[in-house]
2 protein chains.
Amino acid sequence: MSRNTVGKSKILEIIQSSPIALSHATIQEQMKGTCDRVTIYRILERLVKENEIHRIVNVNGVVNFAACKSCSHSSHHHDHLHFSCTTCGELTCFEDQSVDLKLPSNFIIQEYQLTVAGLCGKCS
Amino acid sequence: MSRNTVGKSKILEIIQSSPIALSHATIQEQMKGTCDRVTIYRILERLVKENEIHRIVNVNGVVNFAACKSCSHSSHHHDHLHFSCTTCGELTCFEDQSVDLKLPSNFIIQEYQLTVAGLCGKCS
DNA sequence: GTTAATTTCGCAACACAGTTGCATAAATAT
DNA sequence: ATATTTATGCAACTGTGTTGCGAAATTAAC
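Keep in mind that this is a model prediction, so the values were computed, not measured.

Break down the interface of chain B and chain A for me, citing the residues and quoting the values.
Each partner contributes residues to the interface: chain B has 31 residues there, and chain A has 31 residues. Of the roughly 2900 Å² buried at the junction of chain B and chain A (both faces included), carbon and sulfur atoms supply 60%. At the boundary of chain B with chain A, the tally comes to zero salt bridges. The tally of links from chain B across to chain A stands at ten residue pairs in polar contact (both at pLDDT 80 or more). Of all the secondary structure elements, the ones that give two or more residues to the side of chain B that touches chain A are strand 4 (80-85), strand 5 (91-98) and strand 6 (108-119) of chain B. Ranked by the residues each element gives to the side of chain B that touches chain A, the list is headed by strand 6 of chain B, at twelve residues. Looking at side-chain class alone, the side of chain B that touches chain A contains 18 nonpolar, eleven polar and two charged residues.

Shown next, in the form of structure tokens:
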């Protein structure tokens, strides 16, 4: 079983108290040297596996993490939309926006990555 | 103005004759040492700017390139869906699948990145 | 409570995608 | 034919993410 360490709790708290998705680099900054770079990667990996957070690939290719709000631990649906601001870089989740897709029946969907980039409310 | 060089023509041809989107690494392979790594990056950049191809960030964070089929040189709409196969790695464009999004009015959309990952028709 | 088994951590080193600077080469304009 | 502009190749670098391994910390067993 996965253990609850100081680093893990702190990282989860940082992500949960953030209104936007955070990158590894940003989290590392907020950890202020408490944790090793690699440890942060591994903790994030664990938190994803335990369904505490979900990973979103930003339009710049960098992975961001956000807390799973509307997901219970059993049912996960990360098919919602993300908005990435090209000015301030903030990645926002629109958990109410789910998209219905009509793919050929032999295509099996495992993971969603629905992101739109542009200017967010603050920057427009 | 941008020039039409041997490398540029060859790369455009590789992308246009491919049914799936290609990464820099794959294109470099197909160029068989004709072109420097960096030159390929720069040619791809030029082709994107000239609206010959468009870039899609795959779920693994790697940028892929596909020819602009249904886009004229004046009107671009890259709001269509992409499917990334987790087994064979192929990135397919669904140019007929456009998604309607309902964002707050103060959000200005500049770029789309709508990708779904899973098993493609061949791998399912 | 002490010891053994697991898990996590930190460090070093690595892999890979992508970028920048600069001198040279090639293509276009004069 | 020469000057100007653009493109290329090479080297070096940045940033994100990964792997291996010994040490430290945590949990389980005795």
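Before we move on, can you summarise the packing of aromatic side chains with the specific residues and values?
Each aromatic ring pair is specified by the distance between its two centres and by the angle formed by the two planes. One pass over the full model with this rule turns up four aromatic pairs over all chains. Their ring planes at 90° and their centres at 4.7 Å tell us that Phe83(A) and Phe107(B) sit as a pair that is edge-to-face. Residue Phe83(A) is located in strand 4 (residues 80-85), and its partner Phe107(B) is located in the loop between strand 5 and strand 6; the two belong to separate chains. For the pair Phe94(A) and Phe107(B), a centre-to-centre distance of 5.5 Å together with 75° between the ring planes defines the contact as edge-to-face. Here Phe107(B) lies in the loop between strand 5 and strand 6 and Phe94(A) lies in strand 5 (residues 91-98), a pairing that spans two chains.

What counts as what
Residues numbered from 1 in each chain as written. Chains lettered and ligands numbered in written order. Predicted model: local features only at pLDDT ≥ 70, side-chain atom pairs only at ≥ 80, totals over all residues. Heavy atoms only, no water. Contact = heavy atoms within 4.5 Å. Buried area = accessible area lost by both parts, 1.4 Å probe. Salt bridge = Lys/Arg side-chain N within 4 Å of Asp/Glu carboxyl O. Polar contact = N/O pair within 3.5 Å; in protein donor to acceptor, adjacent residues only side chain to side chain. Helix = DSSP H or I, 4+ residues; strand = E, 2+ residues; numbered from the N terminus. Nonpolar A, V, L, I, M, F, W, Y, C, P; charged D, E, K, R; others polar. Phe/Tyr/Trp six-rings, centres within 6.5 Å; stacked < 30°, edge-to-face > 60°.

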